[in-house]
Every structure is written in structure tokens, then in C-alpha cells.
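# An overview of the molecular structure
Okay, here's what each chain looks like letter by letter:
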Amino acid sequence: MDLRYTEDEEVFRGQLKQWLAKALPTLPPAPDPLDWPGRRAYDTAWQRMLYDAGYAGLHWPADAGGRGVTPTQHLIFLEETERAGAPYVGANFVGLLHAGPTIAAEGTAGQRARWLPPVLRGDEIWCQGFSEPGAGSDLASLRTRAVRDGDHYVVNGSKIWTSHAEVADWCELLVRTEPVSEEVPKHRGITWLAMRMDAPGVTVRPLRTLAGSTEFAEMFLDDVRIPVTDRVGAENDGWRVTMVTLSFERGTAFVGEVVACRRTLGELARTARDNGRWDADPQLRRRLGRLGAEFTALWRLTQWNVSESQGGGAGGRGGAGGGGFGVPGIGGSVFKLRYSQARQELYEAAAGVLGPDAFDLAHPWNQDRLSSLSYTIAAGTSQIQQNIVAERILGLPKER
């Protein structure tokens, strides 16, 4: 991986900075963080601006609606939009960061044509229906059942922690199409479906988090009919497709957040200097210095993972569409494991910088501190990532 920028890449950076300087002042005020319908409208409007300017799906292949730019240009885009304070994907994150890429890598030509352009334009929002009350870390234990009835599946069951379900148009949904038995282990018999959220029989109940937000929800499915044509991958091959989804979720979906954390770290240092804590607390200085090195290393690992996925990576994996959309490798688990902990440490350090203001829950850093607690659970717990690293990278024996 060459970390130097070419002349063409610097031209790309300059053009992007010029566009951001003109576009960002035209944005309306950001909505209240707890107003998810308002945030959906804000996030999709920004996505449409990116699309109209040719910056949506930069790293997606051309036949998936993107521009197929180099990994370095993609990283430049993320760096410059974060530095400029541009909105991030927000309510679009499931569709843009893992449902869309999964369809690009595994879907048929018709599915790609149907679902990917609306994601890139910001016309449609996706949510994720994977976890269940009894199947979180052990996702393969899911029990939501889909029974084939002609050209449809009839789905019954429930999901939990369904991100942005109350504002979503589609759901990437995991169902069991064959019961577990001695002949069918739990990792088989799973199918990946795309479900319309306005389908009869879908009930959404928002869940309020510790931070007071409702971006997660319970979802109940009662005789929901889903066309067989909305299945991605073969019936009972959903676990393999799910591994593609999780590879995107762990490997490249957090790229923008690393840039944001590096920016927050700089803000922490400036605030500590302004309020006197930098001079008064040498332990805090060491802590911020170590975090600076930590996030620099994570950014380099991010560059590696993005380069690997877009340069071929683990891509293909037997998908119907393929389309040149590289799938991140197992390096994503290394990144996810360390990033989750580093993010928590960053906002613990923020509490030290804030002092008594660390108890003010209205402060954005304190909201981020609360949300950071979920990162060692979301997208696969740290224990799951440790197992993946131990077994697939270090070659240690599998757990019994």
C-alpha cells in the first residue's frame, strides 16, 4: 500500500474541498438528534446533494452506480468531508455501508438495478433485522421462520436492536428457512431477504437507549409475505451472505468514524489547554498522547482494509452479481476489536477534560461517551472478534 498521494489524487482533493466550501453553507440547520424523521429528511437531502455532485458511492463499482475511484480517493473523500464538518451517513448507514455493498457483491443484476440507485440517491433507507431476543452474539441461533408459499415466503418472528426501523423503507432480514436438526446445523438453513417495511404484518416498537435516543427498535413479524425474488443469494445460503454483510460492517463501515475520533481528539487537547487541565494533569497529557498514536495506527489499518477490499480482498465469494465489489477480509475483526475499545477510552478521556461538566448529559461528548458503551457489542461482540482473530488469523483450535 502506497501512502503517498499522486498529483491526480491531490487534484481530486482540491476539487472536493472547493465543492464542500460551496455546498455546506447551503445546508439547513441540523435537526434535533432525537428527531429521527427530521434526521432522515436531513441525511437523505445531503445524500442527494452528494449524488447530484457525483460524490455518492465514490468507491462503488460503476455497474453498481458508483464511480469506481481508487481506495486512496475514497479515503481522501472521508478525510475532507470530516474536516469540513459535513454530515456523515446518519440514517443512511445500513444501506450505504453494508446492505448496499452486500447486494452489490451478492445480488443479481436485477436486484442491483432495483435497490442500489435509490440507496445512492438517498431515496430509500434500510435497517438491519439480524439480532433476536435469543440470538445476538450467537446469531446463528435465530428463530424467525420463513415458510415458502408459492412465489413468497411467509415470515413469523421478532427482531431486536433493529437500527432505524421507524424511518426505514427496507430491511436486510435474516430468517430460518430450514429448521435445525441433526442433519441441518444451525449455521445452515438461514436465508437473507430484503423486506419492505410497509408490508402488512410488520410492527415496529422503538427502544429508548441510555442516551435517550430511539435509533433502535423491536420488530414483530406476523405472516409477512416477502417475494422470493427479494432473496439475496440462494435459499439456505444466508449464513455465507451474512458473513459478507458483517465483513462490510466490521471492515469498512467505521472508516468515517475513525476520522471523526481523530478530530475529537484534537478538540479534547485544545479544550484541555484552554481550561488549564493540560498543564495541571500530566496523566491526562500522556493519555491523550497515547490515544493519538492509537488512532493514527487505526487509520493506517483502515487504509489497509479499504485497500484490500477494493483491490480484490476477499471479494466474490460466489455471489450471483459479483460486480467487482471487493469484500473486506478478516482484518476487519482486528480493526473492530481495537477500535471499539479505543473509542470508549477516547470518551473516558473526554470526561477527564470536561471535569464537572462530564455530568452534563446534554454535552455532545457525554452523549458520545454513553453511545460508545455499545461499540464492544454492536457488529459482533469483542469476544466474537477475539475468537475470529484467534481461529482465522492465529490458527488456534476452535472453541468446543
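Residues numbered from 1 in each chain as written. Predicted model: local features only at pLDDT ≥ 70, side-chain atom pairs only at ≥ 80, totals over all residues. Heavy atoms only, no water.

## Examining the overall build of the protein chain
Filter applied, for reference: Under the DSSP-based scheme used, a helix requires at least four consecutive residues in state H or I and a strand at least two consecutive residues in state E, with every element numbered from the N terminus. Using a 1.4 Å probe on the protein chains alone, a residue whose accessible area is under 20% of its type maximum counts as buried, one over 50% counts as exposed, and one in between counts as partly exposed. We call two residues contacting when some pair of their heavy atoms lies within 4.5 Å. Here the open area of atoms and residues is found with the Shrake-Rupley method and a 1.4 Å probe, where only the protein chains shown may cover a residue.
The number of helices and strands found in the protein chain is 12 helices and eight strands. Classification of the 400 residues of the protein chain by burial places 50% in the buried group. Looking at the protein chain alone, contacts between residues at least 24 apart form 73% of all its contacts between residues at least 6 apart. For the protein chain, the exposed surface amounts to about 18,100 Å²; the carbon and sulfur share of it is 53%.

## A word on the pairing of strand S3 (residues 152-159)
Put simply, the rule is: Each pair of strands is called paired provided DSSP finds at least two bridges between the two strands.
In the sheet, strand S2 (residues 145-149) pairs with S3 via five bridges, with the strands oriented antiparallel. Paired with alanine 146 across the two strands is valine 155, which belongs to S3. A loop of two residues connects S2 with S3, the two strands running antiparallel in sequence, and glycine 150 in this loop sits at a positive phi of about 65 degrees. Relative to strand S7 (residues 216-227), S3 runs antiparallel, the two being bridged by seven bridges. When the sheet's bridge partners are listed, valine 154 is paired in S7 with arginine 225.

## Digging into the pattern of salt bridges
We count it as follows: By definition, a salt bridge exists where a carboxyl oxygen of Asp or Glu is found within 4 Å of a side-chain nitrogen of Lys or Arg.
Using the criterion set out here, one finds 21 salt bridges in the structure. The salt bridge involving arginine 40 is made with aspartate 169; its shortest N-O contact spans 3.0 Å. Of this pair, arginine 40 sits in helix H2 (residues 36-52) while aspartate 169 is found in the loop between S3 and strand S4 (170-176), placing the two residues 129 residues apart along the sequence. Of the charged contacts in the structure, one is a salt bridge between glutamate 267 and arginine 263, with a shortest N-O distance of 4.0 Å. Note that glutamate 267 and arginine 263 are positioned in helix H7 (residues 255-274) at a spacing of four residues, about one turn of the helix. Judged by its relative accessible area of 27%, glutamate 267 is partly exposed. Arginine 263 sits in the partly exposed class, given a relative accessible area of 35%.

## Quick word on helix H4 (residues 93-106)
The criterion, for reference: In a helix, the anticipated span is given by 1.5 Å times the number of residues less one. In this scheme, the bend at a residue equals the angle between the axes fitted to the seven residues that finish there and the seven that begin there.
Between the first and last C-alpha of H4 there are 19 Å, a value that for 14 residues agrees with the 20 Å anticipated at 1.5 Å per step. Roughly 40 degrees is the biggest bend found in H4, and it falls at alanine 99, with proline proline 101 one to four residues downstream. Counting buried residues along H4, 13 of its 14 residues qualify, which places the element largely inside the surrounding structure.

## Points about a nonpolar patch on the surface
Condition: Residues enter a patch when their relative accessible area is above 30% and they make no salt bridge; the linking distance is 9 Å between like charges and 5 Å between nonpolar side chains (Val, Leu, Ile, Met, Phe, Trp, Tyr).
On the surface, a cluster of nonpolar side chains totalling about 340 Å² of accessible area is made up of Val334, Ile393, Leu394 and Leu396. Tracing the backbone shows leucine 396 in the segment after helix H12 (382-393).

## Quick word on the packing of helix H3 (residues 71-83) against H7
Each pair of packed helices can be summarised by the angle the axes make with each other and by the distance between the axes. Condition: The convention used is that axes are lines fitted to C-alpha atoms, helices contributing only their stretch in contact, and that angles between N-to-C directions extend from 0 to 180 degrees. Oblique is the label for any angle not under 35 degrees, not over 145, and not in the 65 to 115 range, which are roughly parallel, roughly antiparallel and roughly perpendicular in turn. In this scheme the handedness of a crossing depends on how the near helix is turned from the far one: anticlockwise by less than a right angle means left-handed, clockwise means right-handed. Under the grouping applied here, Gly and all other residues not named as nonpolar or charged are polar, the nonpolar ones being Ala, Val, Leu, Ile, Met, Phe, Trp, Tyr, Cys and Pro and the charged ones Asp, Glu, Lys and Arg.
Packing of H3 against H7 leaves a shortest axis separation of 9 Å and a crossing angle of 40 degrees. Of the possible angle classes, the one that applies to H3 and H7 is oblique. Here the hand of the crossing between H3 and H7 comes out right-handed. When H3 is examined against H7, the residues Leu75, Leu78, Glu79 and Glu82 are found in contact with a partner set consisting of Val255, Gly256, Val259, Ala260 and Arg263. Looking at the contact of H3 with H7 residue by residue, the classes come out as five nonpolar, one polar and three charged.

## Here's the deal with the state of the cysteines
To be explicit about the condition: Disulfide: a pair of cysteine sulfur atoms within 2.5 Å of each other.
For the coordinates displayed, the defined rule picks out zero disulfides. Looking at cysteine 171, it has no disulfide partner, and the nearest cysteine sulfur is the one in cysteine 127, 3.8 Å off. Under the relative-accessibility criterion, cysteine 171 is labelled buried at 0%.

## As for the packing of helix H1 (residues 7-23) against H2
Axis separation between H1 and H2 bottoms out at 12 Å; the angle between their running directions is 140 degrees. With respect to their mutual orientation, H1 and H2 come out oblique. Crossing of H1 against H2: the hand is right-handed. For the pair H1 and H2, contact is made by Trp19, Leu20 and Ala23 and by Trp46, Met49 and Leu50, respectively. Of the residues contributing to the contact of H1 with H2, the split by class is six nonpolar, no polar and no charged.

The analysis is restricted to geometry; functional conclusions fall outside its scope.
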